[in-house]
Amino acid sequence: MNLKVNNRFIAELPADSNETNVPRQVKNACFSYVIPRIPSNPKLIHYTEEVLKLLGLSKEEAQSAEFKNVFSGKEVLTNTRPYSMSYAGHQFGNWAGQLGDGRAIILTEIENDQQTYTLQLKGAGLTPYSRGADGLAVLRSSIREHLCSEAMFHLGVPTTRSLSLILTGDQVLRDVMYDGHPDYEKGAVVCRVAPSFIRFGNFELFASQNDLKTLKTLTDFTVKYHFPEIKETNKESYIQFFQEVANKTREMIVHWQRVGFVHGVMNTDNMSILGLTIDYGPYGWLEDYNPNWTPNTTDRENRRYRFGNQPEIALWNLYQLANALYPLIEEAAPLESILNSFQNNYEVDYDNMMRNKLGLFTKEENDNQLIHLLTDNLQQTETDMTIFFRKLSQIKKTESEQDAFYHITDSFYKINEVKDQLKETWLYWFTQYLNRLRQEEATDADRKKAMDAVNPKYVLRNYMSQLAIEAAEKEDYSLIEELHLLLKNPYQEQPQSEKWFAKRPDWAREKIGSSMLSCSS
Ligand code: AMP
Ligand code: MG
């Protein structure tokens, strides 16, 4: 394979001097060298053509034995030394101490077309950070990560990418619902690709160890390669760096709220410093619009990471990052001011995003009320978020509120319960909305075009991945390819795929894997 290797991370950052993969506490080091586990019989089941191209690889190369071997951990690329990163983090609101890449192994960085990409295997075996776990990943969760990261990319959401999905040929023991019923599942390895996998937790680790030297080295490295617009390495530039991370994080969350994505585990070790969606675990897609929903059963009680709480958690996580960077800045005021403006900036961005979803080109003072009333209504009638917004663009300005309402009634899950009172609230909303549309100069066609560019027709509904998983367990990988292709054009009408533009089927409502997911992966 023709890959241009760049080893800047291991060349410029301090390594752990211990080179075994025995679980341990690692000090003063950004990473530890590791050797990926040799899979017994790697089998490539899917790859992403565009990611292949990003790396400068051809389709022929993807079919080679070398590709399958390298991206499953069987063979190490020449002139590279795989490693796992050290990091710490706050999990579910509590300090968790050292975590680190427990089952992620970075192969190297690759240069192509003036860009640098980090290649990371997920599920390639034990690392010093595996703690009590096995460092492996199962087919089920690997399919979810592979499909979702690509779906998110094509929706325009900042995310890590996924190059390949490879079966290892080995069995992995998992207790899916953590209820004492472990079972063997097929092991798999995904190769994730991103400019960097550095997380908030990488900075928290060194702050917690009071290792300011490594904290500074890591921050300078991150700024140099990932925030090149920041030229210096002084207090001012660290403040600017924090501002940039806050901006990127905010933008990512606005996108999540736009498409109805619930990450599920927004621990600080799962927050990318580049504002990328990272670590696809017990994530889920909002079907009926419910701000209290989280797919993660581990978070069932507090619902800390519920849909409606994601912006607040992002801010909470930024506080932890601010604390970690504080020793480099030694002034609280500028950090506090960035944190204080997060909320306001978020609200402005959120309202603009919702205006776009509603097809409003101009800004009015009362838009905020229109948006609030809408989200209330969506919730009351258990409305499918994706179908609702997509159908809303069919409305004509001159229509009556009754006719407008009938465009979207298909999106209700509680169809028989939308009786008098609820219908009245909807009609009231449509009266306001139609009035608002009539104030605008844009034509119905203009508005539809703009709305259909921000309201996806197809998202990776929870049950869709589950169907792909169930087929793949029986060695039928066709649905993985079908969904992968479908989700490459999520805003486009695809008449042959209309079946995926439908409400969640009843069987999937409370099904494990569809609406309920644990961290077991
Ligand atoms: P997560 O909640 O999946 O982001 O994982 C939190 C921490 O646990 C990270 O440090 C992971 O690398 C680690 N971890 C999760 N699953 C495994 C596993 N099967 N083997 C080893 N480490 C794991
Ligand atoms: Mg993680």
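No experiment lies behind these values; they were computed from the predicted model shown.

Cut-offs and rules
Residues numbered from 1 in each chain as written. Chains lettered and ligands numbered in written order. Predicted model: local features only at pLDDT ≥ 70, side-chain atom pairs only at ≥ 80, totals over all residues. Heavy atoms only, no water. Helix = DSSP H or I, 4+ residues; strand = E, 2+ residues; numbered from the N terminus. Rg over C-alpha atoms; globule rule 2.2 N^0.38 Å. Buried < 20%, exposed > 50% of the residue type's maximum accessible area, 1.4 Å probe, protein only. Contact = heavy atoms within 4.5 Å. Expected span 1.5 Å × (residues − 1). Donors = N, O, S within 2.8 Å, 3.2 Å for Na, K, Ca; no water. Near = heavy atom within 4 Å. Polar contact = N/O pair within 3.5 Å; in protein donor to acceptor, adjacent residues only side chain to side chain. Areas by Shrake-Rupley, 256 points an atom, 1.4 Å probe, with all protein chains shown as cover. Nonpolar A, V, L, I, M, F, W, Y, C, P; charged D, E, K, R; others polar. Domains from an automatic or database assignment. Buried area = accessible area lost by both parts, 1.4 Å probe. Lys, Arg positive; Asp, Glu negative; His and termini not counted. Salt bridge = Lys/Arg side-chain N within 4 Å of Asp/Glu carboxyl O. Core = buried A, V, L, I, M, F, W, Y, C linked by side-chain atoms within 4.5 Å.

Draft legend 1. Inspection of the overall build of the protein at higher detail. Looking only at helices and strands, the protein has 17 helices and 12 strands in total. A globule of 521 residues ought to have a C-alpha radius of gyration of about 24 Å, and the protein, at 24 Å, matches this closely. When the backbone C-alpha atoms are referred to their principal axes, the protein occupies close to 70 × 60 × 45 Å. Taken across its 521 residues, the protein has 59% of its residues classed as buried. Once local pairs closer than 6 in sequence are excluded, the contacts in the protein between residues at least 24 apart make up 72%.

Draft legend 2. Spotlight on helix α7 (residues 212-226). Between the first and last C-alpha of α7 there are 20 Å, a value that for 15 residues agrees with the 21 Å anticipated at 1.5 Å per step. Turning to α7, the residues buried within the fold contact α1 (8-12), α6 (200-208), α8 (235-259) and α9 (310-329).

Draft legend 3. Expanded view of the coordination of the magnesium ion (ligand 2). Listed as protein donors to the magnesium ion (ligand 2) are Asn 270 (OD1) and Asp 279 (OD); their distances from the metal cover 2.0 to 2.2 Å. As far as burial versus exposure is concerned, Asn 270 and Asp 279 are alike and both buried.

Draft legend 4. Examining the site of ligand 1 more closely. Close contacts around ligand 1 come from 17 residues, with Gly 100, Gly 102, Arg 131, Gly 135 and Asn 270 the closest. Note that a nitrogen atom of ligand 1 is positioned 2.7 Å from one of the backbone N or O atoms of Gly 135. In this structure, a nitrogen atom belonging to ligand 1 sits 3.4 Å away from a main-chain N or O atom of Leu 136. When ligand 1 is considered free in solution it has 480 Å² of accessible area, and contact with the protein chains removes 81% of it. Across the shell around ligand 1, the residue classes tally to four nonpolar, six polar and seven charged. Two domains each provide a minimum of three residues to the shell around ligand 1, namely domain 1 (4-200) and domain 2 (211-356).

Draft legend 5. Representation of α8 within the structure. Between its first and last C-alpha, α8 extends 37 Å over 25 residues, near the 36 Å set by a 1.5 Å rise per residue. In this structure Asn 234 caps α8, since a side-chain oxygen of it lies 3.2 Å from the backbone nitrogen of Glu 236. Gly 260 occupies a position one or two residues after α8 and carries a positive phi of about 85°.

Draft legend 6. Expanded view of the domain arrangement of the protein. Domain annotation for the protein reports domain 1 (4-200), domain 2 (211-356) and domain 3 (360-441). When each unit is reduced to the centre of its C-alpha atoms, the spacing between domain 2 and domain 3 is 31 Å. Taken residue by residue, the interface counts 17 residues in domain 2 and 16 residues in domain 3. Of the roughly 1,300 Å² buried where domain 2 meets domain 3, counting both sides, 60% is carbon and sulfur surface.

Draft legend 7. Representation of the side chain of Asp 211 within the structure. Among the secondary structure elements, Asp 211 is positioned in the loop between α6 and α7. Of the side chains with opposite charge, Lys 213 comes closest to the buried, unpaired Asp 211, at an N-O distance of 6.8 Å.

Draft legend 8. Here's a closer look at the nonpolar core. Among the nonpolar cores identified, the biggest contains 125 residues, and Leu 392 and Tyr 433 are the most heavily contacted of them. Residue contacts for Leu 392: discarding those within four places in its chain leaves Leu 358, Ile 408, Trp 429, Phe 430, Tyr 433 and Met 451. Formed by 24 residues, the second largest nonpolar core is a distinct cluster that contains Tyr 47, Val 51, Leu 57 and Ala 62.

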